[in-house]
Structures are given as structure tokens and as C-alpha cells.
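These are the residues of each chain, in order.
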Amino acid sequence: MLRNGTASVRNDTDTVRGVAGYKWRMAKLFRAVIMGPPGSGKGTISERIAQRFALTRLSSGDFVRENIAANTDAGVLAKTYIERGLLVPDHVMTRLLLPRLEEMTRHSWLMDGFPRTLAQAKALNSTCDLDLVISLNIPYETLKERLSDRWIHPASGRVYNMGFNPPHVQGRDDISGEPLIQHDDDKPEALVARLRHYKDMAKPIIDLYKSKGILHTFSGTETDRIWPYINSLLSTKIPSTSQTDTQRIPMP
Ligand SMILES: Nc1ccn([C@H]2C[C@H](O)[C@@H](COP(=O)(O)OP(=O)(O)OP(=O)(O)O)O2)c(=O)n1
Ligand SMILES: Nc1nc2c(ncn2[C@@H]2O[C@H](COP(=O)(O)OP(=O)(O)O)[C@@H](O)[C@H]2O)c(=O)[nH]1
């Protein structure tokens with residue numbers, strides 16, 4: 001339910017009357033957030049969840065990049081921070097993200113990369129009710145190893161790992177064939193500060209979601225071992241066979 005909108009299709013099953021006089025039951029929608037330190041596997045796991053459960057995957061990082069590429073006002077502003085290695089301020093992030101979410105009243109989605117601050121979590125909370133938050137808890141040594149091996153296709157945000165999911169052609173993006181790059185802040189010397197920053201920022205957000213009873217934490221060193229637990233949790237919450245975000249089920 002978008003509280004400031006007119007549609008109300010989440011967390012319950014709505015009944016609407018179609019043109020032929022049929023009633024249609026709108027399947028329950030599902031909204032989730034995935035959190036975790038850099039390298040914890042948010043992107044990798046979101047991709048699996050989106051495919052398995054036919055959710056729309058929303059990545060705030062991709063969204064920032066799209067706005068920068070499209071030269072929107074918020075994108076131009078966001079760029080000035082990212083170029084200096086800073087996080088985009090809350091008011092810019094919410095200006096970018098919330099209108100997008102308001103377009104999603106009839107979609108189930110999973111958000112990666114937002115909220116990153118308590119202010120962003122509160123802004124999200126005032127826009128929609130989340131069903132579930134996945135928090136990934138991965139040891140530091142594992143993060144360090146993974147990130148030193150992470151290669152990115154900057155234009156799309158597609159992520160590779162030379163051991164875990166290498167590109168078909170070394171150093172090249174699978175889809176575009178363009179060169180892959182490594183981020184400076186994936187280097188071990190930058191990681192300690194990034195992790196400390198993540199812990200400080202994430203703690204109040206995690207506490208908030210814990211108090212709402214929607215937080216689920218998964219710990220481990222391998223995505224493939226964590227995945228079955230996430231899969232079975234989500235299987236109890238969303239129908240895996242759903243091919244569309246809003247299912248229409250004819251009712252007598
Ligand atoms: N809530 C957010 C989300 C994103 N960004 C900005 C800063 C990031 O550098 C950039 C890209 O975000 P990503 O989530 O794609 O990338 P990161 O490398 O920061 O995240 P991670 O290492 O966790 O994948 O967008 C931000 O400031 N605030
Ligand atoms: N070796 C290994 N690498 C992984 C595993 N899971 C994800 N990765 C890789 O680790 C890096 C970080 O994962 P990513 O999904 O980008 O994490 P995010 O920063 O939280 O979004 C990427 O290069 C992934 O391909 C895993 O279980 N083992």
C-alpha cells in the first residue's frame with residue numbers, strides 16, 4: 001500500500017470487478033529489502049531471488065547510475081558526491097528512489113542498496129510497508145577475498161568474480177563484450193573503512209527492522225550454502241510459480 005497514493009494492493013488480497021463483470025483477485029504483493037556489507041552477496045542473491053520468485057529487482061546503485069547517465073537533476077547532483085567517493089545524501093537518494101517506488105504499486109519488489117541510513121529507512125517506511133528484510137552477515141576475511149576478485153561492468157553494474165562466476169571471456173562483459181573494471185574501493189585497504197562505516201550506519205536500521213519483526217539474518221561464507229535457507233524462507237511467503245507481479249485469478 002502506498003500510503004500517500006490511491007492504490008492499496010499490498011499485504012492483502014484485493015477484489016476488483018473487471019470489464020466483463022468478473023471479479024479478479026489480485027494476488028498478495030511482496031516488498032523486501034536486502035542488506036549487508038560490501039561484498040556480502042546482495043547483488044548475487046537478489047538476482048537469484050528475482051529469477052526464482054519473479055520479483056522486480058530494484059538496485060539503488062543501478063538507479064543512481066541510470067539517473068547519472070540520463071543527466072536528470074538528481075543524477076547530476078548524485079554524481080558530484082560519487083565522484084568524490086561519498087555516499088549520496090539522504091534527500092537526494094529519497095528524491096531519486098521514492099517516486100520510482102510510487103510507480104510500483106502493482107509490483108512485488110526486492111530492493112538492494114537502499115536504505116543505507118536510518119533517515120532513508122524512515123523515508124521508505126513512510127512510503128510503504130515492507131514484508132521482509134534479509135540481512136547478510138559474512139565474515140570480514142570472506143568479504144576481503146571476494147572483493148579483491150570482483151570485476152564490474154560499469155555501464156550495467158553487472159558483477160563477476162574470477163573464481164565464483166567468471167565472465168565467459170576474461171576481462172569482458174558477457175552481454176556487451178566491453179571491458180570490466182575493478183573499483184578502487186574494493187581494494188583491501190579501503191575495505192576496513194567501508195565495513196566500519198556499514199556497521200555504524202546499518203545498526204540502527206537493523207534494530208528498526210528487528211523491532212518490526214521483519215528482520216531475517218543469514219550468516220555464512222558461501223552464497224550457495226546460504227541460498228537454500230533464503231529460498232525456503234521466501235517459498236513460505238511468496239508463490240514461486242508467479243510469472244507476473246500481479247496475478248489475476250478469476251473468481252466465480
Ligand atoms: N543508498 C545509496 C545507494 C547508492 N549510493 C551511491 C554510492 C555508491 O557508490 C553508488 C553505487 O551503489 P552500489 O550499491 O551499486 O555500489 P557499492 O559499491 O556502494 O555497494 P556494494 O559494494 O555494497 O555492492 O551509489 C548511495 O550513496 N546511497
Ligand atoms: N568466492 C565467492 N564469491 C562470491 C560468492 N557469492 C558472491 N560472490 C562474489 O563476491 C563478489 C561480491 O558479491 P556481490 O553480489 O557483488 O555483493 P554485494 O556487494 O553485497 O552486492 C562478487 O564478485 C560475486 O560474484 C561466494 O559464495 N563465493
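What counts and how
Residues numbered from 1 in each chain as written. Chains lettered and ligands numbered in written order. Predicted model: local features only at pLDDT ≥ 70, side-chain atom pairs only at ≥ 80, totals over all residues. Heavy atoms only, no water. UniProt positions renumbered as here; feature names shortened; annotations may be inferred. Near = heavy atom within 4 Å. Polar contact = N/O pair within 3.5 Å; in protein donor to acceptor, adjacent residues only side chain to side chain. Areas by Shrake-Rupley, 256 points an atom, 1.4 Å probe, with all protein chains shown as cover. Helix = DSSP H or I, 4+ residues; strand = E, 2+ residues; numbered from the N terminus. Nonpolar A, V, L, I, M, F, W, Y, C, P; charged D, E, K, R; others polar. Buried < 20%, exposed > 50% of the residue type's maximum accessible area, 1.4 Å probe, protein only. Arc of directions from axis to C-beta. Contact = heavy atoms within 4.5 Å.

- The chain appears in an unreviewed UniProt entry as Adenylate kinase 4, mitochondrial from Hucho hucho.
- One UniProt comment on the chain, placed under Sequence similarities (unreviewed entry), says "Belongs to the adenylate kinase family. AK3 subfamily."
- Its UniProt record gives the chain a comment under Subunit (unreviewed entry), which states: "Monomer."

**Some points on the site of ligand 1**
Thinking step 1. Looking at ligand 1, there are 14 residues lining it, with K42, V88, G113, R116 and R194 nearest.
Thinking step 2. A distance of 2.8 Å separates an oxygen atom of ligand 1 from a polar side-chain atom of K42.
Thinking step 3. At 2.9 Å from an oxygen atom of ligand 1 is found a side-chain nitrogen or oxygen belonging to R194.
Thinking step 4. Here ligand 1 loses 83% of its free accessible area of 570 Å² to cover by the protein chains.
Thinking step 5. When residues of the shell around ligand 1 are assigned to their parent elements, the largest contribution, three residues, is made by helix α2 (residues 60-69).
Thinking step 6. The class makeup of the residues in the shell around ligand 1 is five nonpolar, four polar and five charged.

**Quick look at helix α5 (residues 118-125)**
Thinking step 1. Listing the buried residues of α5 in full gives Q120, A121, A123 and L124. Taken around the axis of α5, the buried residues stretch over an arc of 160°, which confines them to a single face.
Thinking step 2. Summarising the contacts, the buried residues of α5 are in contact with β3 (31-35), α4 (90-102), β5 (109-112) and α7 (188-211).

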